[in-house]
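# Notes for the structure review
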Amino acid sequence: DLAAMNEYIFGVAGRQDGEAPFLAEYQAQKYLGSKNSAVVYVNNDWGVTVKDLFVARAEECGLNIVAVEQFMEGEKDYNALLTKIRQSNPDTINVISQAADAALLCKQIRQLGWNDVNISISGGAFSPQLIQLGGEELNGAYIDAPFYLDESNPEVVEFMEEFEKRAGYPTTTHAPYTYDAMMILFEAIKRADDAGSLDRKTVRDELAATKDYPGYAGNITFTEAGDVHKQYVIFEIKDGEFVRVTDYDFGLK
């Protein structure tokens, strides 16, 4: 709902009502024999919204939600929470949080000896930090992301190398978003200047007119509300790497 709150707010990162249902659809397709899903989510506005949208779509796809539990950001010990969830015997546990919490929670799932449950992680945790903190316990987990940095594209490789050189660590999810946002603003200012006015409304109108901008985080055309609809990608974590599995093309109704 953020972009729709004000005509001067724009978002390039996609919407939760696109991501959360996508993850539910993928789970319904991939694990056709796994009908029982549990959800553990961080108790903030973002986490509650993703949880609600995921659960609603999961149930529409025929998944049985057997447990829904919350936690506070920054918690360190999830054993009691996980033990409670485990009693509901889910086939898949869905972790809705950012990278640091997700990594620790997933480590503790495996450290409990709970090795027969699939792990699904929401895209908010998609970051090298997730793998760095989660280690080998994350192998086999899957996660969604709203874009794929195609390393066969020389421009993408140049961006990633330049980012790592300046930042001192590999490209994160937020790096392409931020770069795209600033370049879209730059292009809007240029168009406003060419039109002979740099007042805030002209710049705002030029931003709103953004169409088919070829961003590193995907093609960007703003909706009437000022945000974007993304196409999502699934990755599996294998040997410390995000390995692309599939794009958004499920055809589920």
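Residues numbered from 1 in each chain as written. Predicted model: local features only at pLDDT ≥ 70, side-chain atom pairs only at ≥ 80, totals over all residues. Heavy atoms only, no water.

### Some details on the side chain of Thr171
For clarity, the cut-off: Think of it this way: any DSSP run of H or I at least four residues long counts as a helix, any run of E at least two long counts as a strand, and we number them from the N terminus. In this analysis, two residues are considered to be in contact whenever any of their non-hydrogen atoms come within 4.5 Å of each other.
As for its position among the elements, Thr171 is in the loop between helix H6 (154-167) and helix H7 (174-194). Setting aside residues no more than four positions away along its own chain, Thr171 makes contact with Pro128, Leu149, Phe159, Met160, Phe163 and Pro176.

### Comments concerning the packing of helix H1 (residues 16-30) against helix H2 (residues 45-60)
Note the threshold: Each axis is a line fitted through C-alpha atoms, taken for helices only over the stretch in contact, and angles between the N-to-C directions span 0 to 180 degrees. With respect to orientation, any angle under 35 degrees is reported as roughly parallel, any angle over 145 as roughly antiparallel, any angle of 65 to 115 as roughly perpendicular, and every other angle as oblique. Two helices cross in a left-handed way if the nearer one is turned anticlockwise from the farther one by less than a right angle. They cross in a right-handed way if the turn is clockwise.
At a closest axis distance of 8 Å, the pairing of H1 and H2 adopts a crossing angle of 45°. When the interaxial angle is binned, H1 and H2 end up oblique. The two elements H1 and H2 cross, and the hand of that crossing is right-handed. Here Gln16, Asp17, Ala20, Pro21, Leu23, Ala24, Glu25 and Gln27 of H1 lie close against H2, whose contacting residues are Trp46, Thr49, Val50, Leu53, Phe54, Arg57 and Ala58.

### Brief notes about the side chain of Gln27
Formally: Any residue under 20% of the maximum accessible area for its type is buried, any over 50% is exposed, and the rest in between are partly exposed; the area is computed with a 1.4 Å probe on protein chains only. Distance and chemistry together define a polar contact, namely a pair of N or O atoms within 3.5 Å, with one atom able to donate a hydrogen and the other to accept it when in protein, and with adjacent residues in sequence counting only for side-chain atoms on both sides.
Note that Gln27 resides in helix H1. We classify Gln27 as buried; its relative accessible area is 0%. A distance of 2.4 Å separates the side chain of Gln27 from the side chain of Ser37, its partner in a polar contact. Among the polar contacts made by the side chain of Gln27, one reaches the side chain of Asn94 at a distance of 2.6 Å. Not counting residues within four places of it along the chain, the set of residues in contact with Gln27 comprises Ser37, Phe54, Leu63, Thr92, Asn94, Ser120 and Tyr142.

### Overview of the environment of Gly11
Note that Gly11 resides in the segment before H1. Considered as a pair, Gly11 and Arg86 are 75 residues apart in the sequence and their alpha carbons are 37 Å apart. Excluding its chain neighbours within four sequence positions, the residues that come into contact with Gly11 are Phe222, Gly226, Asp227 and Val228.

### Description of the pairing of strand S3 (residues 92-96)
Going by this rule: Two strands form a pair only when DSSP identifies at least two bridges running between them. Seen with the strands pointing away from the viewer, any crossover whose path from the first strand over the helix to the second strand runs clockwise is right-handed.
Along S3, 5 of the 5 residues are buried, which leaves the element largely enclosed by surrounding structure. Covered by surrounding structure in S3 are Thr92, Asn94 and Ile96 together with Ile93 and Val95, the residues of both alternating faces. Both strand S1 (residues 36-42) and S3 contribute to a ladder of 5 bridges, which runs parallel. Across the sheet, the residue bridging to Val39 is Asn94, located in S3. Relative to strand S4 (residues 118-121), S3 is paired through 4 bridges, and the arrangement is parallel. Of the residues in S4, the one forming a bridge with Thr92 is Asn118. Between the parallel pair S3 and S4, the chain is carried across by helix H4 (residues 99-111), and the sense of this crossover is right-handed.

### Things to note about the environment of Leu104
Relative to the helices and strands, Leu104 resides in helix H4. Once the C-alpha coordinates of Leu104 and Leu138 are considered, the two residues, 34 residues apart in sequence, prove to be 9.9 Å apart. Residues contacting Leu104, with those up to four places away along its chain left out, are Glu75, Lys76 and Tyr78.

### What about a negative patch on the surface?
We count it as follows: Distance thresholds for patches are 9 Å for like charges and 5 Å for nonpolar side chains (Val, Leu, Ile, Met, Phe, Trp, Tyr), applied to residues having over 30% relative accessible area and no salt bridge. Each accessible area is a Shrake-Rupley result for a 1.4 Å probe, and residues are judged covered by the shown protein chains and nothing else. Salt bridge, as used here, is a side-chain nitrogen of Lys or Arg placed within 4 Å of a carboxyl oxygen of Asp or Glu. Here the positive residues are Lys and Arg and the negative ones are Asp and Glu; neither His nor the chain ends is included. Working definition for charges: the position is that of NZ of Lys, CZ of Arg, CG of Asp or CD of Glu.
Residues Asp150, Glu151, Asp239 and Glu241 make up a contiguous surface patch of negative charge. You can see Glu151 is positioned in the loop between strand S5 (142-145) and H6. For Glu151, a relative accessible area of 57% gives the class exposed.

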